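Structural features, examined
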Amino acid sequence: MKRFLQCALIALLLSSLALQPAAREAEAKQRPEQNIKQMVSSMSLEEKIGQMLMPDFRNWKKKGESSAKGLTEMNDEVAGIIEKYRLGGVILFAENVTGTEQTVRLTDGLQQASPDIPLFITIDQEGGIVTRLESGTNLAGNMAVGASRSSKNAFRSGKIIGKELSSLGINVNFSPVLDVNNNPDNPVIGVRSFSSKPELTSKLGIQMMKGLQDEQMIATAKHFPGHGDTAVDSHYGLPLVPHNEKRLRSVELAPFQKAIDAGIDMIMTAHVQFPAFDDTTYKSKKDGEDIMVPATLSKKVMTDLLRKDLSFKGVVVTDALNMKAISDNFGQEEAVVMAVKAGVDIALMPAQVTSLETEKNLARVFEALLTAVKNGDIPMEQIDQSVERILQLKIDRGIIDHTGSEPLQKKIKYALKTVGSSKHMKYEKKMARDSATILKNDKSTLPFKPKKGDTVLILAPYEEQTAAIAKTISKIRKNIKVVEYRFAEKTFEEEIQKKIDEADYVITGSYVIKNDPVVNDGVIDDSIQDSSKWATAFPRAAMKYAQANGKKFVLMSLRNPYDTANFEEAEAVIAVYGFKGYANGRFRQPNIPAGVEAIFGKAKPKGTLPVDIPSVTRPGETLYPYGYGLNIKNGKPLHKGGS
């Protein structure tokens, strides 16, 4: 009877949405809010808590199996857990989404396990280096869009991602990233950010948000209050941002405030300490040391700053609570209780559940929240408000929909036509070409113009990167020899010298997450050739040897453009903002091909830097400033204005 009443309330709520727009607006002012409150009041505390939990089922070990593997097909065990805890949502990872038809079947199965209140089915599909879909359009990524300075590219990125995810049955994207990446040593954000400037980050992030929402996709701004100025990855440690409140409001918070004003649906928290907003200490469970509470677990940040000060009315979701910044220091159950107590609405990945045996982890978190509410540690009113926000968003974005679900085969057919469509792939290539940035072209090294029989040597860290460069060259130039060499964890020895001697042109891809060269008296010490320094030492040695022997050489920065400062002596430098290459029969990102096309004169790179690149050898100086980029044809700077 109770379940019937809840369904009836949902139907009543949705009846107002079936009205004509003008009537619907008038009706909405009178009834839906009240009806949502009625619906929430009819739910048990257990059902409310369930709506606030969002675990992953990345890997699953079925009863009788020896090990866990990626959950790609729905099964009764997972369905039973969703139903038992009345879960509000799940997050998918690459292990779950290996093909288009497979993903549609999986999301359909997940929703069938929650017939009363449909699930948030979420994913991190940022574009660029953080993509989960094994099929589909990968796009060039946020910093590449920043290099293009194009609002149209940002909107189009959101729209393509939103359309593809929606066709697959996914309704929440944990994007856009609104972190302002103003720390070149940031190990986790980097090219996931649009820019080091809050103005450009805001402009492009909001356009991506609008593109997602245009496809009824829930957009999520992350990582609040900002993960851009950190040198620690919160997956492995607890970062701290030491700036004062004035600076944080003008830089880190600015994109989030603008996104809130523009109508962002969700905001994801950061596991980062912000003493300017909350310097409360907690005794770490890891080592007993006093540590400051990170934003995710801080009421001063989640409620006082985000809700009251910035006036955010939407849904707040934590970043994954299994990240070491949280799990090592606070413990599983206590972290979830602290997060909800701080004011978040959804606890993401609150416990590891990979089998029926490990279901007890989720049960402990569930019981801890129930106890916290029953003993008054978390007010019931706060729980009700969170569930109201969750249900309101599910209605606003059509997740709770009275029209019913389309037949599965129809969904599959539409998804197969949509995901990775030729139209989307065309835009993907164009956006990558718009972003490629020429930073140096001494002696008119570029474009390369090899003659018949010439040899091009490709040096890059990994096979998929050399393969991407080689395959692109093969489409551009025939009758030339291409030699590939992978240098990850290798030192520069006689073998590679011989390959350079035999080459006419050398393309070297650099993949440096964080600059770490040894600098003595303002000069990089190239005598360091141990394997731990391979990411900078090997390509530097190749550059020096090739240029000393009259070879045409170009350095292609594959990831964070900051690494170009390690190669100041290079005669030609291009940044492409993405390292994924060619694997499993497909290009995993369009960035490397776009860079190769520019190198061989088949595309005109239009990108300008969305960040400053500091000098490695002259601390405090800027090597390449924000907005810098060269016209490959005449070597003159391109000008695209401030933001």
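Attention in this report is confined to the structure presented alongside it.

The rules we used
Residues numbered from 1 in each chain as written. Predicted model: local features only at pLDDT ≥ 70, side-chain atom pairs only at ≥ 80, totals over all residues. Heavy atoms only, no water. Helix = DSSP H or I, 4+ residues; strand = E, 2+ residues; numbered from the N terminus. Rg over C-alpha atoms; globule rule 2.2 N^0.38 Å. Buried < 20%, exposed > 50% of the residue type's maximum accessible area, 1.4 Å probe, protein only. Contact = heavy atoms within 4.5 Å. Lys, Arg positive; Asp, Glu negative; His and termini not counted. Charge placed at Lys NZ, Arg CZ, Asp CG, Glu CD. Core = buried A, V, L, I, M, F, W, Y, C linked by side-chain atoms within 4.5 Å. Pairing = 2+ DSSP bridges. Axes fitted to C-alpha atoms, helices over the stretch in contact; angles between N-to-C directions. Polar contact = N/O pair within 3.5 Å; in protein donor to acceptor, adjacent residues only side chain to side chain. Expected span 1.5 Å × (residues − 1).

Each helix and strand counted, the protein has 22 helices and 24 strands in total. Whereas a compact globule of 643 residues would reach a radius of gyration of roughly 26 Å, the protein reaches 26 Å, a difference of no more than 12%. For the protein, the proportion of its 643 residues judged to be buried stands at 59%. Put simply, of all contacts in the protein between residues at least 6 apart along the chain, 77% involve residues at least 24 apart. Placing the 86 positive and 78 negative side-chain charges of the protein at their respective mean positions leaves the two points 7 Å apart.

Bringing the nonpolar core into the picture now. One finds Phe 57, Phe 120, Phe 224 and Met 266 to be the most contacted residues of the largest nonpolar core, which totals 124 residues. In this structure Met 266 touches Phe 120, Val 172, Phe 174, Ile 218, Ala 219, Thr 220, Ala 221, Phe 312, Val 315, Val 317, Ile 346 and Leu 393, once residues within four positions along its chain are discounted. In terms of nonpolar packing, the next biggest core, distinct from the first, is built from 72 residues, Trp 534, Met 543, Ile 613 and Tyr 624 among them.

Strand order in the open sheet formed by 6 strands is S13-S20-S19-S16-S14-S15, with mixed pairing between adjacent strands. Bordering the open sheet on either side are strand S13 (437-441) and strand S15 (481-486), each of which pairs with just one other strand. Within the sheet, the average angular offset between the axes of one strand and its neighbour, ignoring direction, is 15°. In terms of strand pairing, strand S19 (residues 552-557) meets strand S20 (residues 572-575) through 3 bridges, oriented parallel. The partner of Leu 555 across the bridge, within S20, is Val 573.

In this section: the side chain of Ser 510. Mapping Ser 510 onto the fold places it in strand S16 (residues 505-510). A polar side-chain atom of Ser 510 sits 2.6 Å from a polar atom in the side chain of Asp 563. Residue contacts for Ser 510: discarding those within four places in its chain leaves Leu 555, Met 556, Ser 557, Leu 558, Arg 559, Asp 563 and Phe 567.

A sheet is described by the order of its strands in space; here 6 strands give the open sequence S4-S5-S6-S7-S8-S11, paired in parallel fashion. Each edge of the open sheet is held by one strand with a lone partner, namely strand S4 (89-91) and strand S11 (315-317). Bridge count for strand S5 (residues 120-123) against strand S6 (residues 172-173) is 2 bridges, and the pairing is parallel. Paired with Thr 122 across the two strands is Val 172, which belongs to S6.

We now examine the environment of Gly 50. Note that Gly 50 resides in helix H4 (residues 45-51). A relative accessible area of 0% means that Gly 50 is categorised as buried. Note: C-alpha distance between Gly 50 and Pro 350 (300 residues apart in sequence) is 12 Å. Among residues more than four places away in sequence, those in contact with Gly 50 are Tyr 85, Arg 86, Leu 87, Gly 88 and Phe 366.

Between its terminal C-alpha atoms helix H19 (residues 463-476) stretches 20 Å, which fits the 20 Å expected from 14 residues at 1.5 Å a residue. Within H19, burial applies to Gln 465, Thr 466, Ala 467, Ala 468, Ile 469, Ala 470, Thr 472, Ile 473 and Ile 476. Residues of H19 that are buried in the fold lie against strand S14 (455-460), S15, S16, strand S21 (582-583), strand S22 (586-587) and helix H22 (591-599).

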